[in-house]
Protein chains: 2
Amino acid sequence: MANWYLETGNKSDIVRSSRIRLARNIKEIPFINKMRKDDFEKVLSITENAIGNIGYGLKFLLLKDMDKITKDSLVEKHLISPEFSQNQYGAIAINDEENICIMINEEDHIRIQVFSAGENLKGNLALALEIDEKLEKEINYAYNNKFGFLSNCLAAVGTGLKASVMVHLPALAKTGNINKMLNIISGFDMNVSGIYGERLSAKGNIYKISTKQTLGITEAETIKKMSIIVEKIIEQEKAAREILLKGNIELEDRIYRLYGILAYSRKISYEECIKILSEIRLGVDLGIIEELTDAKVNELEVYTKPATLQKYLGKTLDNYDEDIERAKIIKQIINK
Amino acid sequence: MANWYLETGNKSDIVRSSRIRLARNIKEIPFINKMRKDDFEKVLSITENAIGNIGYGLKFLLLKDMDKITKDSLVEKHLISPEFSQNQYGAIAINDEENICIMINEEDHIRIQVFSAGENLKGNLALALEIDEKLEKEINYAYNNKFGFLSNCLAAVGTGLKASVMVHLPALAKTGNINKMLNIISGFDMNVSGIYGERLSAKGNIYKISTKQTLGITEAETIKKMSIIVEKIIEQEKAAREILLKGNIELEDRIYRLYGILAYSRKISYEECIKILSEIRLGVDLGIIEELTDAKVNELEVYTKPATLQKYLGKTLDNYDEDIERAKIIKQIINK
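The structure displayed is predicted, hence computed values, not measured ones. Per-chain numbering applies: the sequence of each chain, read as written, is numbered from 1 onward. Chains and ligands are labelled by the order in which they are written, letters from A for the one and numbers from 1 for the other. Totals for whole chains, interfaces and linings use every residue, but because this is a predicted model, local features are given only for residues with pLDDT of at least 70 and side-chain atom pairs only at 80 or more, for both listing and counting. With hydrogens and water excluded, all non-hydrogen atoms of the structure serve as input to the side-chain values.

Engineer: Describe the overall build of chain A, and please don't skip the residues or the numbers.
Structural biologist: Secondary structure counts use DSSP, requiring at least four H or I residues in a row for a helix and at least two E residues in a row for a strand, with both numbered from the N terminus. Assigned secondary structure in chain A consists of twelve helices and ten strands. Scaling as 2.2 N^0.38, a compact globule of 336 residues should have a C-alpha radius of gyration of about 20 Å, and chain A matches this with 21 Å. A principal-axis box enclosing the C-alpha atoms of chain A has dimensions of 65 × 45 × 30 Å. Only protein chains enter the calculation, and the probe is 1.4 Å; a residue is then buried if its accessible area is under 20% of its type maximum, exposed if over 50%, and partly exposed in between. Counting only residues that meet the buried cut, chain A has 57% of its 336 residues in that class. Between two residues, a contact is recorded if the distance between any of their heavy atoms is within 4.5 Å. Pairs at least 24 apart in sequence give 69% of the contacts found in chain A among residues at least 6 apart. Positive and negative side-chain charges in chain A, numbering 47 and 49 respectively, have mean positions lying 3 Å apart. As a reference, a globule follows 2.2 Å times the number of residues to the power 0.38, and the radius of gyration itself is taken over C-alpha atoms. Counted charges follow a simple rule, with Lys and Arg positive, Asp and Glu negative, and His plus the chain ends left uncounted. In plain terms, the charge of a residue is placed at NZ if it is Lys, CZ if Arg, CG if Asp and CD if Glu.

Right under this line is the structure:
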């Protein structure tokens, strides 16, 4: 089975991926801001043992044993946060497909994460809850009958659930309606950000929408709320794409020229690559570019990321060589 | 046999084409600035008759009977001058390969022109003189034992010979040595100009070098002088290309990106096309671009010219559609 991020999924022309996160803590150990060295080690030992008993092909890996490129690559694929990658007591439990990635000693003792390509929040939630139940048989969770799951992080108390989707909105960005759209989403008590940094300069026109509320709401309600938002976004982006597409030879010309540049460049920076891939994904999704599939664009996106590229090639590269190797791998993926 | 301008020739990585022109006038008819309507008609009738007797598959065509696109296409291919294309008494005698194009009632009564791809001034001269001898048996030339062939145009008196070459000098242009080079050529009593207009803004980095002297010099001496110049230019351009090529991934990257744009654009103006083709020709000649041959670049150059494109498609186009059709034919030529 391929890594989830190389696959395409439900509505993945707009919804790039879905993530479910469940925050859990161990009853007999203090929350993260009060933990001492031996507490961190206790969490590691308890979770390593528990995870070893639940299956799913999960490998338990200590971050301190991993090299920088491997960790940076996990960050690039949004499997762990940049801050967590520096954590000397951190560990992850991850399967080969990388659709399950449990973070240990992050802001909570345990953060179960399940990922999918496309819109699959329900499926992800079901799998996350299944893992959660199995872990609960091994671990005493910090739980309160009134509030639900307890956490150091107030925003996680209750269900401990955070659902998020990465949405690709190039047409809304191009037609100038993106800010209006993002304001509406914020009004629904959701977080919005550009995945690579600030909200309004989202690289590659990819935005991350995530839920906020965890208290006084069920898991199913959270997912449902998010689904409504996602449907609204899809509707708006599709309408914007239709407007863009109408006999628009300029758009076709611009996107195909970028494809030509991508396919034939001999060196290309990550920044330029992201920008071009966003346009090209739009072109593929609009049926303009026939030379590529969504799956190939996924591959292009993943293997052109700096650390993932170096991880794949098995060597560290300076910026100059990185840009040359990026151009080479692009050609390989396009021509294979 | 293909049109000469679609072929490649001797040294054609730098010398795009060679032309020999012989200016001749008819003894019993006044020179061009003193001609009346019936004189023009007499020239047409004498030359049509003479040309009909010399062979070479020459067709005698009156400019006034030709449509605008056909005439503009001849201008684009540098077979006739823009001014001459407007001449209501003008005619041409041209063969299918278009390497022989005799202009009637231009600045002289008869201007024999012979063209080749690459450097072939000697061959062209031999053919032009052969045609000239055959015509001389049919026509009384205006000739003076002291001066040689007579002409309305003082610069043609004597041999009536003008030799010219089109040279492609992108590397000299890029290394900033083009002006120095052009000054040296001028010092040798030769004319230099950008073929599409002014000397210093030569489009596509193509320059036309032509001889000036016709009096007190033999045909063979003229050609020899030009050959020396051409060898010097080739040497300089080659040295500049070697400097450019040395491990220059930036150059490779820039040229290949332009190739990508050319190959995938959906609309492209003539101006952009000329600029890109000059870079691409350099890339082909430097062995950077493997996807194309010199012959294909010739085809791209010829069929993307505005009138030649419309002539080929058999319809007139506005600018918008012209740019779209240009992109289509580029794709056809590249992919065939």
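That shown, we press on.
Engineer: Tell me about the interface of chain B and chain A, and please be specific about residues and values.
Structural biologist: Across the boundary between the two partners, chain B contributes 18 residues, which contact 18 residues of chain A. Computed with a 1.4 Å rolling probe, the buried area is the accessible surface lost when two parts are put together, summed over both parts. Between chain B and chain A, roughly 1,800 Å² of surface is buried when both sides are summed, and carbon and sulfur atoms account for 59% of that area. Considering only the surface of chain B that becomes buried against chain A, R257, Y264 and R266 of chain B emerge as the three largest contributors, covering 40% of it. Basic side-chain nitrogens of Lys or Arg form a salt bridge, by our definition, when they fall within 4 Å of a carboxyl oxygen of Asp or Glu. The interface formed by chain B and chain A holds six salt bridges in total. With a shortest N-O distance of 2.8 Å, R257 of chain A and E272 of chain B are connected by a salt bridge. Contacts described as polar in this section are N or O atom pairs within 3.5 Å, which, within protein, must combine one atom able to donate a hydrogen with one able to accept it, while residues neighboring in sequence count only if both atoms come from side chains. The tally of links between chain B and chain A comes to twelve residue pairs in polar contact (both at pLDDT 80 or more). The biggest single contributor to the side of chain B that touches chain A is helix α8 (residues 249–264) of chain B, with ten residues. Under the scheme applied here, ten amino acids are nonpolar (Ala, Val, Leu, Ile, Met, Phe, Trp, Tyr, Cys and Pro), four are charged (Asp, Glu, Lys and Arg), and all others, including Gly, are polar. Tallied by class, residues from the side of chain B that touches chain A come to eight nonpolar, two polar and eight charged.

Engineer: So what about the pattern of salt bridges? Which residues, and what values?
Structural biologist: Following the criterion strictly, the structure yields 52 salt bridges over all chains and no others. Note that K64 of chain A and D65 of chain A form a salt bridge whose closest N and O atoms lie 3.7 Å from each other. Judged by its relative accessible area of 57%, K64 of chain A is exposed. Note on D65 of chain A: relative accessible area 57%, which makes it exposed. With a closest N to O distance of 3.4 Å, R266 of chain B and E252 of chain A form a salt bridge. Here R266 of chain B is found in the loop between α8 and α9 (270–285), whereas its partner E252 of chain A is found in helix α8 (residues 249–264) on a different chain. Exposure remark for R266 of chain B: the relative accessible area of 15% places this residue in the buried category. When its relative accessible area of 26% is taken as the criterion, E252 of chain A is described as partly exposed. Through salt bridges that share partners, R16, R281, D294 and E301 of chain A make up one connected network.

Engineer: I'd like to hear about the pairing of strand β10 (residues 206–211) of chain A, residue by residue, with values.
Structural biologist: Residue and element names in this part refer to chain A. Most of β10 sits out of view: five of its six residues are buried. Looking at chain direction, strand β8 (residues 161–168) and β10 are connected through five bridges and run antiparallel. Its bridge partner being in β10, V167 is matched across the sheet by Y207. Here a strand pair is declared whenever DSSP counts at least two bridges between the two strands.

Engineer: Any details on the relation of the copies chain B and chain A? Residues and values, ideally.
Structural biologist: For these two chains of identical sequence, chain B goes onto chain A by a turn of 180° and a shift of 0.1 Å along the axis, with RMSD 0.0 Å. In the structure described here, the two chain copies are related by an operation that fits a two-fold rotation axis. The rotation axis passes nearest to the C-alpha of G260 of chain B in chain B, at a distance of 1.9 Å. Interface overlap between copies is the fraction of interface residues in one copy that are interface residues in the other; for chain B against chain A it reaches 100%, indicating a shared surface. For the least-squares superposition of copies, only C-alpha atoms count, and only for residues with pLDDT at least 70 in both.

Engineer: With reference to specific residues and values, describe the state of the cysteines.
Structural biologist: Residue and element names in this part refer to chain B. Note on terminology: pairs of cysteine sulfur atoms within 2.5 Å are recorded as disulfides. Tallied over the entire structure, the rule returns zero disulfides over all chains. In this structure C101 is a free cysteine whose sulfur lies 18 Å from that of C153, the closest cysteine sulfur available. C101 gets classed as buried once you look at its relative accessible area, which sits at 0%.

Engineer: For helix α2 (residues 68–76) of chain B, give the residues involved together with the corresponding values.
Structural biologist: All names here are of chain B. With seven of its nine residues buried, α2 lies for the most part within the structure. Among the residues of α2, I69, T70, K71, S73, L74, V75 and E76 are the ones counted as buried. Residues of α2 that are buried sit in contact with α3 (82–85), β3 (91–94) and α11 (306–313). Regarding α2, its N-cap is D67, as a side-chain oxygen of that residue lies 3.2 Å from the backbone nitrogen of I69 further along. Just downstream of α2 lies H78, where phi reads positive at about 60°.

Engineer: Lay out the pairing of strand β3 (residues 91–94) of chain A in plain terms, naming residues and giving numbers.
Structural biologist: Residue and element names in this part refer to chain A. Going residue by residue along β3, you find A91 and A93 tucked away on one face and I92 and I94 tucked away on the opposite face as well. As defined by bridge partners, strand β2 (residues 59–62) adjoins β3 across four bridges and the pair is classed as antiparallel. Each residue of the ladder has a partner; that of K59, found in β3, is I94. Where β3 and strand β4 (residues 101–104) come together, four bridges link them in antiparallel fashion. Counterpart to I92 in the pairing with β4 is M103. Hairpin connection, β3 to β4: the antiparallel pair is bridged by six residues, and E98 has positive phi, about 65°.

Engineer: Could you give an account of the packing of aromatic side chains, naming the residues involved and the relevant values?
Structural biologist: Residue and element names in this part refer to chain A. Only rings of Phe, Tyr and Trp enter the pairing, Trp through its six-membered ring, and a pair is recorded when the two centres are within 6.5 Å. The plane angle decides the type: under 30 degrees is stacked, over 60 is edge-to-face, the rest tilted. With the rule as written, the count across this model stands at 18 aromatic pairs over all chains. An angle of 5° between the planes, with centres 4.6 Å apart, marks the rings of F40 and Y89 as stacked. With F40 in helix α1 (residues 37–52) and Y89 in the loop between α3 (82–85) and β3, this residue pair connects regions lying 49 residues apart in the sequence. Ring pairing ties together the aromatic residues W4, Y5 and F115, which thus form one cluster.

Engineer: Outline the environment of T316 of chain B, supporting the account with residue identities and numerical values.
Structural biologist: Among the structural elements, T316 of chain B can be located in the loop between α11 and α12 (319–335). Once you skip the residues sitting within four places of it in the chain, T316 of chain B turns out to touch I69 and Q310 of chain B.

Engineer: Quick rundown of the side chain of T308 of chain A? Include the residues and the values.
Structural biologist: Take T308 of chain A: it is sitting in helix α11 (residues 306–313). Among all residues touching T308 of chain A, those that are not within four sequence positions of it are S73, E76, K77, V302 and Y303 of chain A.

Everything listed here is a matter of coordinates, which is why it stays silent on function.
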